[in-house]
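What follows is each chain in one-letter form.
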Amino acid sequence: MPPQSPTLAERGMSAGLKAINSIASSELVDKAGLRKPLEQLLFSGSKQSLKAAGGAARVFKATSQLGKPERQSRAKAGDLFDLTPTDEQQMLVESVKDFSLDKIRKAAHDADHDAATPPALLATANELGLAMIGVPEALGGVVESRSAVTAALMAEALAEGDMGIALAAMAPAGVSTALSLWGTADQQSTYLPEFVGDKPPVAAVVVAEPHGVFNPFELKTTARKTASGYTLNGVKSLVPRAAECELLVIAAQTENGPALFVVEGGTPGLSIEAEPAMGLRAAATGRLTMKTVKVPESALLSADAKVYRELIALGRIGWAALAVGTSQAVLDYVKVYVNDRVAFGEPISNRQSVAFKVADIAIELDGIRLVTYRAAALADAGKDFIKQAALARSLTTKYGMQIGSDGVQLLGGHGYTKEHPVERWYRDLRAAGLMEGALVL
Amino acid sequence: MPINLEIPRKYSQLVEQAHMAATHVFRANSRKYDLAEHTYPKELDMLAAMLDGMEQGGGLDGAGATGGVATGAAKKNGSKPEADPNAVRNGANLASVLGVTEMCWGDVGLLLTMPRQGLGQAAIAAVATPEQLARFGGRWAAMAITEPEAGSDSASIRATAAYDADTNEYILNGEKIFVTSGDRCELIVVWASLDRQAGRGAIKSFVVERDNPGLHLDRLEHKLGIRASDTANFRLEDCRVPAENLLGSAEIQTAKEGFSGVMKTFDNTRPLVAGMAIGVGRAALEATHELLKEAGVKVDYNIPPHAQVGAAAEFLALEADWEAARLLTLKAAWMADNKKPNTVEASISKAKAGRACTDICLRCVALAGTVGYSENDLLEKWARDVKILDIFEGTQQIQQLVIARQLLGKSSSELR
């Protein structure tokens with residue numbers, strides 16, 4: 001697929017940036033004492049232009065109406081303990097991994113710097129069908145049955161290339177998966193056909209909020225029942241590709257606890273500003289503010305407490321899978337580095353203090369991997385996977401961070417610079433232990 | 001079939017039976033033999049006889065209590081015709097890990113001193129000829145490798161074996177320490193060198209009858225934990241054994257292949273020791289969970305740990321570590337059952353389980369406060385018992401060496 005031409009919004013932004021640059025380099029600005037007020041103006045100006053960019057006008061409408069919501073059959077569980085992926089999974093992982101280690105890894109440095117993933121790369125990701133891995137065959141999907149294990153394997157393979165790009169590529173799948181699992185017939189027939197088309201919508205499941213000690217079961221974003229539907233108010237944090245988002249599944253607190261709402265990008269009252277973070281920068285994260293966002297009754301995806309618990313858990317499994325992929329990248333990178341790097345007349349890998357750190361990375365990495373797989377496999381088998389997801393999250397928080405830190409440490413000062421990817425992995429791996437939603441398997 | 005990390009149903013009976021024995025025989029006598037160190041736990045005789053019977057009857061799918069059983073199971077399993085040689089197998093290694101874990105939930109010290117279940121049987125089964133198997137199989141065999149000056153570096157052992165052509169015997173001399181069940185067993189598998197200049201390839205194992213007059217018991221150790229299990233120190237003084245008691249080939253291998261064959265048994269035994277740690281760790285977690293409940297602390301798996309009370313958050317983190325250790329151990333055993341080379345994974349399982357479960361037990365003691373520390377309950381005992389599992393069958397650091405050498409492609413002279 002040829003690289004896509006920039007959208008109108010992108011052209012607008014780039015023209016804006018040129019203008020900013022010429023103003024910013026002008027000495028006249030300083031002489032006239034105009035720098036501060038101008039910066040202030042440009043700040044709100046860029047916020048405005050992002051708002052305009054958000055919610056590009058895609059019209060979602062049902063092509064054919066489903067009588068009842070389509071639910072997928074579960075993968076048949078074997079009784080034997082077995083870590084062998086199915087042939088289909090092996091095939092998918094191989095194709096994704098080629099793409100990931102070749103294209104994604106190469107683009108990662110610039111995407112991190114630019115806080116954007118090249119559209120051509122995302123187009124390739126769409127060609128691989130990443131946006132529709134959770135969509136049932138009845139609505140044009142390709143997979144026999146939805147599988148959290150398959151999705152985890154894909155997330156892992158992508159994150160081995162880059163976690164931020166993996167998030168940008170897979171976030172829409174979270175929405176299509178949520179719609180497939182829990183959506184009403186109306187929601188499924190309205191939105192799912194778009195996800196299996198040539199250009200699936202940019203979409204994300206939105207849970208995280210900018211509060212300390214955040215707990216997704218006590219949201220500050222509220223959904224108030226009105227005569228005609230619901231009114232949403234609140235602020236959401238680190239939404240992947242926020243500025244482009246066309247479809248959102250938003251978690252909000254109702255009188256009876258958290259519930260999920262399907263909200264289209266252009267809905268009045270939604271506003272978006274860029275929210276770059278420590279890492280995941282390629283995913284162009286943004287902050288979403290909702291001020292009296294009115295949605296119809298039909299926008300309610302689910303108010304079931306069990307559904308919400310499962311969504312949160314599937315998100316945590318997704319982040320654990322991303323951490324596994326990036327940790328594998330760390331391991332493979334430091335293995336080569338410590339063998340090549342010579343100090344005191346021999347490779348530093350001849351020292352136990354160095355070699356044992358590499359061993360510890362391998363030990364903890366495989367631990368996170370197995371606990372993550374078990375959580376996903378339990379979900380696929382229709383069993384309770386909440387606890388297992390919490391355990392995967394716990395390991396991701398502790399050891400994912402540790403592996404990121406050790407990766408930098410093993411390269412010493414070199415690891416601290418952008419000459420090597422380990423500093424980026426350090427930043428990304430911190431996210432995997434704290435993010436909620438955004439990527440739902 | 002899709003990826004599945006659940007325990008197969010076919011092992012539920014095995015696990016249940018092991019749990020019964022662990023509850024009624026091991027737990028029931030746990031404190032008694034912790035206090036009465038060096039006293040023979042006579043209660044085990046009946047259980048051992050029962051296990052022997054089950055094994056012979058095939059009732060346990062060969063998946064009994066220890067490494068010794070693993071070998072019996074391996075034979076049985078091997079004789080079963082498999083329809084598809086490429087089909088995934090869950091066999092003796094997995095079953096043994098499950099059995100061991102369950103028994104060590106009861107008491108790790110008592111498991112280690114189960115009659116006729118010593119690690120020596122694993123060594124015998126690994127290299128014995130059919131004739132040797134007939135003579136030694138099923139008997140209680142201990143392992144004598146470690147020496148005062150040779151611990152982790154078992155290649156540097158000093159015990160010697162000299163061939164006497166006149167009597168067709170080997171004459172063993174040297175000193176052996178840390179022999180588990182060394183006083184109680186019937187046989188001791190002794191590692192000794194045919195030629196100390198020839199290096200590892202000259203190290204052989206010899207079966208010595210416990211009542212051999214050349215075998216002198218120096219003393220029994222007083223230990224931090226696993227006190228139910230005796231640890232003996234021996235002197236071998238012109239200890240004569242028939243030439244037929246040398247296990248495997250008498251040839252001195254030039255390279256290290258002979259020795260690496262010996263080391264290969266670790267690929268099967270290390271996941272078992274990991275399984276032991278997982279059993280003790282689970283005991284500590286269960287007891288602590290009860291205490292937390294009594295104290296009104298609820299562990300919630302939905303709410304992030306940082307939004308819960310400290311004790312709940314810590315408990316969840318310990319459970320996560322335990323689960324990682326458990327799955328790594330099952331993976332190593334699964335690989336062994338499916339003939340996949342698993343040296344790295346076996347060491348990974350032992351390294352993770354050894355350190356995680358020691359950490360778990362010690363932290364559980366702290367969470368439980370004086371209840372955890374007092375002899376009125378078993379938490380303090382588990383915290384003492386579990387430490388050995390990060391030491392024997394290769395210390396934490398030896399596992400890290402094995403893993404790192406493989407990952408980095410290092411020889412033992414490069415990464416020492």
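Residues numbered from 1 in each chain as written. Chains lettered and ligands numbered in written order. Predicted model: local features only at pLDDT ≥ 70, side-chain atom pairs only at ≥ 80, totals over all residues.

Moving on, we come to the overall build of chain A. Scanning chain A from terminus to terminus reveals 12 helices and 10 strands. Restricting the contact set of chain A to residue pairs at least 6 apart, pairs at least 24 apart contribute 79%. (Helix = DSSP H or I, 4+ residues; strand = E, 2+ residues; numbered from the N terminus. Contact = placed C-beta atoms within 7 Å.)

On to the confidence of the model for chain B. Low-pLDDT stretches of the model should not have their predicted coordinates read in fine detail. Here chain B shows a mean pLDDT of 90. Residues at 70 or above account for 91%. Reported confidences for the modelled complex are a pTM of 0.89 and an ipTM of 0.92. (pLDDT = per-residue confidence, 0-100.)

All names here are of chain B. Taken as a whole, chain B is organised into domain 1 (9–116), domain 2 (130–247) and domain 3 (257–408). With 22 residues of domain 1 at the interface, the matching set in domain 3 holds 21 residues. Looking at which element gives the most residues to the side of domain 1 that touches domain 3, the answer is helix 4 (residues 92–106), with 11 residues. Grouping the constituent residues of the side of domain 1 that touches domain 3 by class yields 10 nonpolar, eight polar and four charged. (Domains from an automatic or database assignment. Nonpolar A, V, L, I, M, F, W, Y, C, P; charged D, E, K, R; others polar.)

Right, let's talk about the interface of chain B and chain A for a bit. Listed per partner, the contact involves 40 residues of chain B and 42 residues of chain A. The set of elements that each furnish at least two residues to the side of chain B that touches chain A consists of helix 9 (310–337), helix 10 (343–368) and helix 13 (396–408) of chain B. Counting residues per element, the side of chain B that touches chain A draws most heavily on helix 9 of chain B, which supplies 11 residues. When the residues that make up the side of chain B that touches chain A are grouped by side-chain class, the tally is 28 nonpolar, five polar and seven charged.

With that out of the way, let us pick up the domain arrangement of chain A. The parts lose accessible area when they come together, and the size of an interface is often stated as this lost area. All names here are of chain A. Parsing chain A into structural domains produces domain 1 (87–202), domain 2 (206–302) and domain 3 (305–432). Here the C-alpha centre of domain 3 lies 21 Å away from the C-alpha centre of domain 1. Contacts between the two partners involve 18 residues from domain 1, matched on the other side by 22 residues from domain 3. Elements supplying a minimum of two residues to the side of domain 1 that touches domain 3: helix 4 (87–114), helix 6 (148–161) and helix 7 (163–182).

Residues and elements named next belong to chain B. Close contact between helix 4 and helix 9 brings their axes to 7 Å; oriented N to C, the two are set at 150°. Taken as axis vectors, helix 4 and helix 9 run roughly antiparallel relative to one another. Contacts from A92, N93, L94 and V97 in helix 4 reach T329, L330, A333, W334, A336 and D337 in helix 9. Within the contact of helix 4 with helix 9, the residues separate by chemical class into seven nonpolar, two polar and one charged. (Axes fitted to C-alpha atoms, helices over the stretch in contact; angles between N-to-C directions. Parallel < 35°, antiparallel > 145°, perpendicular 65-115°, else oblique.)

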